[in-house]
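Structural overview for review
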Amino acid sequence: ITQEQFLLASQALHLQRPGCDAAYPVGLCGWRKRCIYFFLLLLLVTMIVNLALTVWIIKVMNFSVDSLLVLASEKNVTLNARNGRGHLTGQLTVGPDAVEAQCRRLEVRSRDSGRLLFTADEEEVTMRTEKFRVTGSEGAVFGHSVEAPLIRAKTSEDLRLESPTRTLTMEAPRGVEVSAADGTLRISSRKDLQLQSTEGELLLDANSIQLGSLPLGVYAASPSQALRDQAAAYEVCVCPSGKIYLSPAESVSSCQAVSNICLWS
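Below is a summary of the structure that appears in this document. Since we're looking at a predicted model, the values are computed, not measured.

Comments concerning the overall build of the protein chain
For the protein chain, the count of helices and strands is four helices and eight strands. Sequence-ordered secondary structure for the protein chain, helices as α and strands as β, is α-α-β-β-β-β-β-β-α-β-β-α. The buried share among the 265 residues of the protein chain stands at 7%. A separation of at least 24 residues holds for 15% of the contacts in the protein chain among residues at least 6 apart in sequence. Carbon and sulfur atoms form 54% of the exposed surface of the protein chain, whose accessible area is close to 25700 Å².

Structural data, given as structure tokens:
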């Protein structure tokens, strides 16, 4: 087929290319478009305000990943613990004058090992530390009895047990031991000092036992004459009441129950 014939045949068939539908514009115009822009602007402002408030709260409350949580108040801070029914089971109040804890049992544990150091409940208070030290100038004051296996003073300091207005009593079913390994043990009293054993004996075991300032007992018509005639040696006498006195030593015992010391005691 010649080129002219092809052209004539094409024109006769009226071949047309497939067309496309007309394009319609898609979009928001007018007040709808302004509303969308307004909401987007409002959302952006809200996000900025929330971010600023979050940063301010973190700064004011001292929140940090590497530090503890700090709760601050002008009056007090109270922490409450409740059970499943909503009943209060424990309360901790930190105030300007005191720290108060209300609970059935209070426990204090060591930070490193978790060992129990202090417990307190309605029945007793227990301290499980190796040393209990009171550094006040007046020491420790107990209203009632004290039970302890060992009471020891600090190194190079004196141990003092004192009852200014009442008696001081130490009791134990198997005895009480008071020792001073490297120093002097001194017991003094403003009035009478009594050493009493109800079932056993009173033992004074030492290289030297000294009884100073004992009175001199005489049994004579004239006490002055007895003092002039007395010897340089004395013997220790005991009255029926238990009072001890000195008597001039002779070939036989000079202790007399009717001595002036025994009669006036």
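Let's talk about the pattern of salt bridges
Close approach of charged atoms lets side chains of opposite charge pair. Per the stated rule, a full pass over the model turns up five salt bridges. The partner of Glu107 in a salt bridge is Arg109, with the nearest N and O atoms 3.2 Å apart. Take Glu107: its relative accessible area is 36%, and that puts it in the partly exposed class. Residue Arg109 is classed as partly exposed on the basis of its relative accessible area of 47%. A salt bridge links Arg160 to Glu162; its shortest N-O distance comes to 3.3 Å. Owing to a relative accessible area of 48%, Glu162 belongs among the partly exposed residues under this scheme. Connected via shared salt-bridge partners are Arg105, Glu107, Arg109 and Asp121.

As for a positive patch on the surface
Among the surface-exposed residues, Lys131, Arg133, Arg152 and Lys154 lie close enough to one another that they form a single positively charged patch. Relative to the elements of secondary structure, Lys131 occurs in the loop between strand 6 (125-127) and helix 3 (223-229).

Section: the layout of surface pockets
What the second largest pocket holds in volume is close to 570 Å³. Lining the second largest pocket are Ile187, Ser188, Ser189, Lys191, Asp192, Leu193, Gln194, Leu195, Leu202, Leu203, Leu204 and Asp205.

Some thoughts on the state of the cysteines
Inspection of every chain in the model, using the stated rule, returns two disulfides. In this model, Cys237 is linked to Cys255 through a disulfide, with the two sulfur atoms separated by 1.7 Å. Torsion about the S-S bond of the Cys237 and Cys255 cystine: about -80°, corresponding to left-handed handedness. Of this pair, Cys237 sits in strand 7 (residues 234-238) while Cys255 is found in the loop between strand 8 (244-248) and helix 4 (260-264), placing the two residues 18 residues apart along the sequence. Here Cys239 is linked by a disulfide to Cys262, with a sulfur-sulfur distance of 1.9 Å. Handedness here is read from the sign of the S-S torsion; for Cys239 and Cys262, about -85°, the answer is left-handed. A residue pair is termed long-range when its members are at least 10 positions apart, and Cys239 in the loop between strand 7 and strand 8 and Cys262 in helix 4 qualify at 23 residues. Cys262 shares its class with Cys239; the two are buried. Assigning the bonded cysteines of the protein chain consecutive numbers by sequence position, one obtains the connectivity 1-3, 2-4.

Cut-offs applied
Residues numbered from 1 in each chain as written. Predicted model: local features only at pLDDT ≥ 70, side-chain atom pairs only at ≥ 80, totals over all residues. Heavy atoms only, no water. Helix = DSSP H or I, 4+ residues; strand = E, 2+ residues; numbered from the N terminus. Buried < 20%, exposed > 50% of the residue type's maximum accessible area, 1.4 Å probe, protein only. Contact = heavy atoms within 4.5 Å. Areas by Shrake-Rupley, 256 points an atom, 1.4 Å probe, with all protein chains shown as cover. Salt bridge = Lys/Arg side-chain N within 4 Å of Asp/Glu carboxyl O. Patch = residues over 30% accessible without salt bridge, like charges linked within 9 Å, V, L, I, M, F, W, Y side chains within 5 Å. Lys, Arg positive; Asp, Glu negative; His and termini not counted. Charge placed at Lys NZ, Arg CZ, Asp CG, Glu CD. 1 Å grid on protein atoms, 1.4 Å probe; cavity = no way out; pocket = protein on both sides within 12 Å on 5 of 7 lines; lining within 4 Å. Points joined across faces, edges and corners; volume = space filled by probe spheres on them. Disulfide = S-S within 2.5 Å.

Keep in mind that these numbers describe shape and distance, not what the molecule does.
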